[in-house]
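Structural features, examined
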Amino acid sequence: MDTATHDLPTLFAQLGLDNSDSAIEDFIHQYAGTLKDSMHLHQAPFWNDAQARFLADAIREDADWAEAVDSLSALLRH
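Think of each chain on its own: its residues are numbered from 1, step by step along the sequence as written. Where totals are concerned, whole chains, interfaces and linings use all residues; where local detail is concerned, this predicted model gives features only for residues with pLDDT of at least 70, and gives and counts side-chain atom pairs only at 80 or more. The side-chain values count all of the structure's non-hydrogen atoms but skip hydrogen atoms and water molecules.

1. With respect to the overall build of the protein
- The secondary structure listing takes helices from DSSP runs of H or I that are at least 4 residues long and strands from runs of E that are at least 2 residues long, numbered from the N terminus. When you go through the protein residue by residue, the secondary structure sums to four helices and zero strands.
- Across the protein, helices and strands are ordered from the amino to the carboxyl terminus as α-α-α-α.
- Overall size of the protein, expressed as C-alpha extent along the three principal axes, is 35 × 30 × 20 Å.
- Relative to its 78 residues, the protein shows a buried fraction of 35%.
- Residue pairs at least 24 apart in sequence account for 63% of intrachain contacts in the protein once pairs closer than 6 positions are excluded.
- As displayed, the protein offers around 5,000 Å² of accessible surface, 47% of which is attributable to carbon and sulfur atoms.
- By the counting rule applied here, Lys and Arg register as positive and Asp and Glu as negative, while His and the ends of each chain are not counted. The location of each charge is read from NZ of Lys, CZ of Arg, CG of Asp or CD of Glu. Charge separation in the protein, taken as the distance between the mean sites of 4 positive and 14 negative side-chain charges, equals 13 Å. When a residue's accessible area, from a 1.4 Å probe over protein chains only, is under 20% of the maximum for its type it is buried; when over 50% it is exposed; and in between it is partly exposed. By definition, residues are in contact when any of their heavy atoms lie within 4.5 Å. Accessible surface is estimated by sampling points in the Shrake-Rupley manner with a 1.4 Å probe; for residues, cover comes only from the protein chains shown.

Here it is, written out as structure tokens:
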């Protein structure tokens, strides 16, 4: 049984990004509004190939990460 936490800070760590509260806030502030309504999160231009693939796979496979990915997507659309 997988008991790992799949929240926003852990997602940032999984993506190889700084996962401190301030770094997450800075990231969201920097990229908020860059996603067009029809754009999927993994299609954003600021991801590298591995990050984009991970995000796409998380949603496509409805993986444990899907909720955190959806949360990040929502935060970036405001």
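2. Here we look at the nonpolar core
- Grouped together as the largest cluster of nonpolar side chains are 22 residues, with contacts concentrated most on L11, L41, W47, L72 and L76.
- Looking at this core, the elements with two or more residues in it are helix 1 (8–14), helix 2 (21–31), helix 3 (49–60) and helix 4 (66–76).
- The residues touching W47, leaving out its near neighbours within four places in the chain, are L15, L17, F27, L41, H42, A52, L55 and L72. What makes a nonpolar core is a set of buried Ala, Val, Leu, Ile, Met, Phe, Trp, Tyr and Cys residues whose side-chain atoms join them at distances within 4.5 Å.

3. A closer look at the pattern of salt bridges
- We define a salt bridge as a contact between a side-chain nitrogen of Lys or Arg and a carboxyl oxygen of Asp or Glu at a distance within 4 Å. All told, the structure shown has two salt bridges when counted by the stated rule.
- A salt bridge links D57 to R60; the shortest N-O distance between them is 2.7 Å. Here D57 pairs with R60, and both are found in helix 3, just three residues apart, close to one helical turn.
- You can call D57 partly exposed: its relative accessible area is 23%.
- On the basis of relative accessible area, R60 is assigned to the exposed category, the value being 60%.
- One network of salt bridges, in which partners are shared, links D57, R60 and E61.

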